[in-house]
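Working through the structure, step by step
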Amino acid sequence: FYKRDRFNVVTHGTFWLSPTPDEVGSRGWDAALPRIATWAHLQDKTTRASLLVVNTHFDHVGEEARVQSAHLIRARIQAMAAFLPTNTPVILMGDFNVTPDHAAYAALTSVQQQRRALYDTRHVARLPAYGPEGTFSGFTVGNESDRRIDYIFTSDAWSVERYGVLNGHREGRYPSDHLPVVAELIWMP
């Protein structure tokens, strides 16, 4: 979803998290299921500034698949950036099925991996994080873990004001097995 009154979609696409990312339905490395990343190049209708948004879901079983998926996404973001205006802001988000101590997380956030850094919004937010640390609940209130596996990463073109994990529920159940992660970003085009 995006605000159609504010943005135009310049181009968009999907690639599979596998050694053959352009092969529809391909499954990568030791993954249990085919996984994807979907992206959109948006342009602000007023300022004409561009932004790249990527959403993904890493495999829940394959250790190598998660690490290789992180490298693939970083490489694809870098490749797309070559065709976008200089320093186009990036947002990468989704269910990564890894905790912050995992090699896939390091591959996404390490400056050495690529020229452009991606920042975990929880760590760079101006205000303290809101809500629980963990993002997986298994649908049931009281079943939350402290495992954070869902993230919003940004490039340095954003000022992150707030970050939070929402744990509102109804009748002792969550609407998803993951808690929503939100970040308030200020875009400085």
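The structure this text deals with has already been given above.
Residues numbered from 1 in each chain as written. Predicted model: local features only at pLDDT ≥ 70, side-chain atom pairs only at ≥ 80, totals over all residues. Heavy atoms only, no water.

Focus on the sheet that holds strand β5 (residues 119-120)
Formally: Strands are treated as partners if at least two bridges between them are detected by DSSP. Only DSSP runs of H or I reaching four residues or more are called helices, and only runs of E reaching two or more are called strands; each is numbered from the N terminus. Between two residues, a contact is recorded if the distance between any of their heavy atoms is within 4.5 Å. Every angle, taken between N-to-C directions, lies between 0 and 180 degrees, and every axis is a line fitted to C-alpha atoms, over only the stretch in contact when it is a helix.
Reading across from one edge, β1-β2-β3-β4-β6-β5 is the order of the six strands in this open sheet, with mixed pairing throughout. In the strand order of this sheet, the two ends are held by β1 (7-16) and β5, each with one partner. Relative to strand β6 (residues 150-154), β5 runs antiparallel, the two being bridged by two bridges. Paired with tyrosine 119 across the two strands is threonine 154, which belongs to β6. Against the sheet, helix α1 (residues 63-81) contacts β1, β2 (36-44), β3 (50-57) and β4 (90-95), and its axis sits at roughly 140° relative to β1.

Let's talk about the packing of aromatic side chains
Definition in use: By convention, a stacked pair of Phe, Tyr or Trp rings (six-membered ring in the case of Trp) has centres within 6.5 Å and planes under 30 degrees apart, an edge-to-face pair has planes over 60 apart, and any other such pair is tilted. Only protein chains enter the calculation, and the probe is 1.4 Å; a residue is then buried if its accessible area is under 20% of its type maximum, exposed if over 50%, and partly exposed in between. A positively charged side chain is recorded as over a ring if its NZ (Lys) or CZ (Arg) lies within 6 Å of the ring centre. The angle to the ring normal must also be within 35 degrees.
Tallying each qualifying case throughout the model produces eight aromatic pairs. Judged by centre distance (5.3 Å) and plane angle (80°), the rings of phenylalanine 96 and phenylalanine 153 are edge-to-face. One end of the pair, phenylalanine 96, is in the loop between β4 and α2 (103-109); the other, phenylalanine 153, is in strand β6, and 57 residues separate them in sequence. Both residues of the pair, phenylalanine 96 and phenylalanine 153, count as buried. Ring plane angle 20° and centroid distance 5.3 Å describe the contact between tyrosine 151 and phenylalanine 153, whose orientation is recorded as stacked. Taking relative accessible area as the criterion, phenylalanine 153 reaches 0% and is therefore assigned buried. Grouping aromatic residues by their ring pairs yields a cluster made of Phe58, Phe96, Tyr105, Tyr151 and Phe153. Lying across the ring of phenylalanine 15, arginine 76 places its NZ or CZ 4.9 Å from the centre.

Some words on the layout of surface pockets
To keep it simple, the criterion reads: Lining residues are those with an atom within 4 Å of a point, where the points come from a 1 Å grid over the protein atoms alone and group into cavities, where a 1.4 Å probe fits but cannot get out, or pockets, open sets with protein on both sides within 12 Å along at least five of seven lines. Grid points are joined across faces, edges and corners, and a volume is the space filled by probe spheres set on the points.
Of the volumes computed, that of the largest pocket is approximately 740 Å³. Phe1, Leu42, Val53, Ile91 and Met93 are the residues nearest the centre of the largest pocket, which is lined by 23 residues in total. Listing elements by their share of the lining of the largest pocket, those giving two or more residues are β1, β2, β3, β4 and β8 (181-187). With five residues, β8 is the single largest residue contributor to the lining of the largest pocket.

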